[in-house]
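# Commentary on secondary and tertiary structure
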Amino acid sequence: MLEADTLPANKIFIKNLIEPFVTSKSNNIGLTYGEAIPLQPKDFFEKIMYFKTDFKKRAFQNAIGKNRLHGCSGHKGRAFSKSFAQKIYWPNDAPEDTYSFLLCNKMGYEIVNASKAKIYYRLPGNFKDYYRQYTKFIRGRQALIK
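Below: a short report on this structure. Note that the structure is a prediction, hence the values are computed from the model and not measured. (Residues numbered from 1 in each chain as written. Predicted model: local features only at pLDDT ≥ 70, side-chain atom pairs only at ≥ 80, totals over all residues. Heavy atoms only, no water.)

## Some remarks on the overall build of the protein chain
A tally of helices and strands in the protein chain yields five helices and four strands. Secondary structure elements of the protein chain occur, N-terminal to C-terminal, as β-α-β-α-β-α-α-β-α. Compactness check: the protein chain gives a C-alpha radius of gyration of 16 Å against a globular reference of 15 Å for 146 residues, within 12% of the reference. Referenced to the eigenvectors of the C-alpha coordinate spread, the extents of the protein chain come out at roughly 45 × 35 × 30 Å. Of all 146 residues assigned to the protein chain, the portion counted as buried reaches 32%. Sequence-distant contacts, at least 24 apart, represent 76% of the contacts inside the protein chain between residues at least 6 apart. In the form shown here, the protein chain has an accessible surface area of approximately 9,600 Å², with 57% of it arising from carbon and sulfur atoms. Averaging the coordinates of the 25 positive side-chain charges in the protein chain and doing the same for the 12 negative ones gives two points 3 Å apart. (Helix = DSSP H or I, 4+ residues; strand = E, 2+ residues; numbered from the N terminus. Rg over C-alpha atoms; globule rule 2.2 N^0.38 Å. Buried < 20%, exposed > 50% of the residue type's maximum accessible area, 1.4 Å probe, protein only. Contact = heavy atoms within 4.5 Å. Areas by Shrake-Rupley, 256 points an atom, 1.4 Å probe, with all protein chains shown as cover. Lys, Arg positive; Asp, Glu negative; His and termini not counted. Charge placed at Lys NZ, Arg CZ, Asp CG, Glu CD.)

## What about the side chain of Ser81?
You can see Ser81 is positioned in the loop between strand S3 (78–80) and helix H3 (82–87). A relative accessible area of 10% places Ser81 in the buried class. One polar contact links the side chain of Ser81 to the main-chain carbonyl oxygen of Ile29, over a distance of 3.3 Å. (Polar contact = N/O pair within 3.5 Å; in protein donor to acceptor, adjacent residues only side chain to side chain.)

## Things to note about a nonpolar patch on the surface
Judged by side-chain polarity, Leu2, Ile14 and Ile18 come together as a nonpolar surface patch covering roughly 260 Å² of accessible area. Judged by relative accessible area, Ile18 falls into the partly exposed class, the value being 37%. (Patch = residues over 30% accessible without salt bridge, like charges linked within 9 Å, V, L, I, M, F, W, Y side chains within 5 Å. Salt bridge = Lys/Arg side-chain N within 4 Å of Asp/Glu carboxyl O.)

## Re helix H5 (residues 127–145)
With 19 residues, H5 extends 27 Å from end C-alpha to end C-alpha; this agrees with the ideal 27 Å at 1.5 Å per step. Those residues of H5 that fall on the buried side of the exposure criterion are Thr135, Gly140 and Ala143. Within H5, the buried residues cover an arc of 140 degrees as seen down the axis, which keeps them to one side. The exposed residues of H5 that point more than 90 degrees off its buried face are Phe127, Phe137 and Ile145. With a side-chain oxygen positioned 3.1 Å from the backbone nitrogen of Lys128, the residue opening H5 is Asn126. (Expected span 1.5 Å × (residues − 1). Arc of directions from axis to C-beta.)

Any functional reading would require information beyond the geometric quantities listed.
Shown next, in the form of structure tokens:
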């Protein structure tokens, strides 16, 4: 699954994203996700967002281990195993990235970071875009709590 505002960094993104399914000795991988790379900022607001994103990433890298919710961002791209994909049921109001991550954990599947699968995304360019993104996140969180 890719989001509309992302761009794979190279032609082997999908190959790298599904590589853990092929090379792992585990038959229990349900979901893989790539590495999201924000595009270089173009203006002052994007520089602020870039700093925020970089700071958050560095803070979470050491504090959060394997299979944590931080890894579920839709900007990273995701691939599902056939067995997990056949069991997914999609509620209408839940954010698909977080929901699929939580469901995969609940069903006992492994979640793997396919770190060689690099993908670019653009940061919000102004406060209006950031606010829209943030309120979407809050609405999704509320739907998941229900």
